[in-house]
Amino acid sequence: MLLVPYIRNNKKAIIAGLKIKNFKQIEILDDIISVDDKRREIQKKLDDTLAESKAIAKEIGGLFKSGNIDEANNKKAQTTELKELSKNLSEELNIIQTQLTELLLKVPNVPHSSVASGNSDEDNEIIKNVGEIPELPDNAMPHWELTDKYDIIDFQLGNKITGAGFPVYKGKGARLQRALINFFLDNAAEAGFREVQPPLMVNEDSGYGTGQLPDKDGQMYYVGEDKLYLIPTAEVPITNIYRNSIVNSKDFPIRNTAYSQCFRREAGSYGKDVRGLNRLHQFDKVEIVVIEHPNKSYDRLEEMSNYVQTLLVKLELPYRVLRLCGGDLSFTSALTYDMEVYSAAQKRWLEVSSVSNFESFQANRLKLRFKDENGKTTLAHTLNGSALALPRIVAALLENNQTNKGIRIPKALIPYTGFEYID
RNA sequence: GGAGAAUUGGCAGAGUGGUCGAAUGCGGCGGUCUUGAAAACCGUUGAGGGUCACACCUCCGGGGGUUCGAAUCCCUCAUUCUCCGCCA
């Protein structure tokens, strides 16, 4: 959510930015300003009315004390009109404030100046390409066949127990999952992230805080009985640690990491995108979240992007880094790098991480602030990224490392798996 | 799940209808003293709206109500604690 004063002062720049994001309804900006004008006007009237009735109430208090009962009762009559007025005004104010919030929620974040315009993922800029794409023999299998062959991930069994998109990991498959989680967490700790184990369910306020609500509520599993949402990513609980708080700028950058299961309904997905491990309803991910001073958030974004890449290098996976174009950038993000890993048997790139700077867009919703150099309360910047999401890493590992002897485990991971091959 | 008690500023803790946005202590920040530090002393110290700046308004767990007037009374929800029940 953008700040109204920011919209007032930077309308032109915002319009230019939103154009890159293909946001068409720029007239909303003017609506916001005029609704906010109205809000101020009503607020002023209300304040004045309240001030007047407060003053009278004080007078009455004094009159009662000095025994002037008659005059006090006289004064009471005066307030009935003011009371009516302030009641109407505060109702009006409520309506207008709701209106204002609704409008503000419709405006996406303004992209960073480095973001190019574009309509879809096809227009994303490839800014880096690392590693050799492996040459697989003709009889190479896609991962959903390999998982069967080695009996490590059972999609059918998941269907039986729960439904599509909830696989069962077995034997070395389960062990590989655990190895990857520990590998990612250990690396994050070494890179200065504090490990956190958050709840896997969050309340409505938290959903709003990070922006899953109100728009994407259909993407989350919801437990109506208790009004709780299953988290689609650990970003939600981790970032909400800092909701409604004023952090100490001395603590910047605040780095947290968490492993969690993630739950996504993925309504509307289909076809090859959802085959095997490509898209699941429940999956494992280690997330990194950073809260930083606005002046330094882009340095941190580069740092996070580099960190994620070190993981891919250690896992010996060929990858590329994309800078998302305006059209593919998420609603809340100002700049996002996607890391994609090459899945050699599927012959396609799979997104395994998305590292974003939200600037103050999330912080405004969260009311996450700090005291700046002048003692002014200012919104902090939030960033997050996957480091990493497991299923597609597993898919690429299985496909790229298939040999006659079985699936070869990358060296860095062997201390965690305790085996060198899945066979 | 049942019964009872509680929820006040960063923390502790007063305040049960009338200048209470809120005593006091601790902590934080600034200063005096000191070669420096500690101690002591002095000052300062919640958030939001609004204003050029004031004024002014809102907020004492959330929401609603009573009253001329509420942190203080009522309703409701949430959370915490104690006891009972159930249970990993």
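Residues numbered from 1 in each chain as written. Chains lettered and ligands numbered in written order. Predicted model: local features only at pLDDT ≥ 70, side-chain atom pairs only at ≥ 80, totals over all residues. Heavy atoms only, no water.

A few points about the domain arrangement of chain A
Then comes step 1: Structurally, chain A comprises domain 1 (4-104) and domain 2 (121-422).
Then comes step 2: Inter-centroid distance (C-alpha atoms) of domain 1 to domain 2 is 43 Å. (Domains from an automatic or database assignment.)

Concerning the sheet that holds strand β18 (residues 406-408)
Then comes step 1: Taken together, the three strands give an open sheet; going across it, the order is β17-β18-β19, and neighbouring strands pair in antiparallel fashion. The open sheet terminates on both sides in strands that have one partner only, identified here as β17 (402-403) and β19 (421-422).
Then comes step 2: Pairing analysis gives two bridges linking β17 to β18, with the strands arranged antiparallel. Across the sheet, residue Gln402 finds its bridge partner in β18, namely Ile407. (Pairing = 2+ DSSP bridges. Helix = DSSP H or I, 4+ residues; strand = E, 2+ residues; numbered from the N terminus.)

Some remarks on helix α4 (residues 69-106)
Then comes step 1: For α4, built from 38 residues, the straight-helix expectation of 56 Å at 1.5 Å per residue is met to within 8% by its first-to-last C-alpha distance of 55 Å.
Then comes step 2: Remark: the principal bend of α4, roughly 25°, maps to Thr79.
Then comes step 3: All buried positions along α4 are accounted for by Ala72, Lys75, Thr79, Leu82, Ser86, Leu89, Leu93, Ile96, Leu100, Leu103, Leu104 and Leu105.
Then comes step 4: Residues of α4 that are buried in the fold lie against α1 (4-9), α3 (27-65) and α11 (361-366). (Expected span 1.5 Å × (residues − 1). Bend = angle between axes of the 7 residues up to and from the residue. Buried < 20%, exposed > 50% of the residue type's maximum accessible area, 1.4 Å probe, protein only. Contact = heavy atoms within 4.5 Å.)

Concerning the sheet that holds strand β8 (residues 245-247)
Then comes step 1: Sheet architecture is open: three strands sit in the order β8-β14-β15, paired in mixed fashion. Strands at the two margins of the open sheet, each flanked by one partner only, are β8 and β15 (377-379). Looking at each pair of strands side by side, their axes are set apart by 40° on average, direction ignored.
Then comes step 2: Sheet topology places strand β14 (residues 368-371) next to β15; three bridges connect them, and they run antiparallel. Bridge pairing in β15 links Lys371 to Thr377. (Axes fitted to C-alpha atoms, helices over the stretch in contact; angles between N-to-C directions.)

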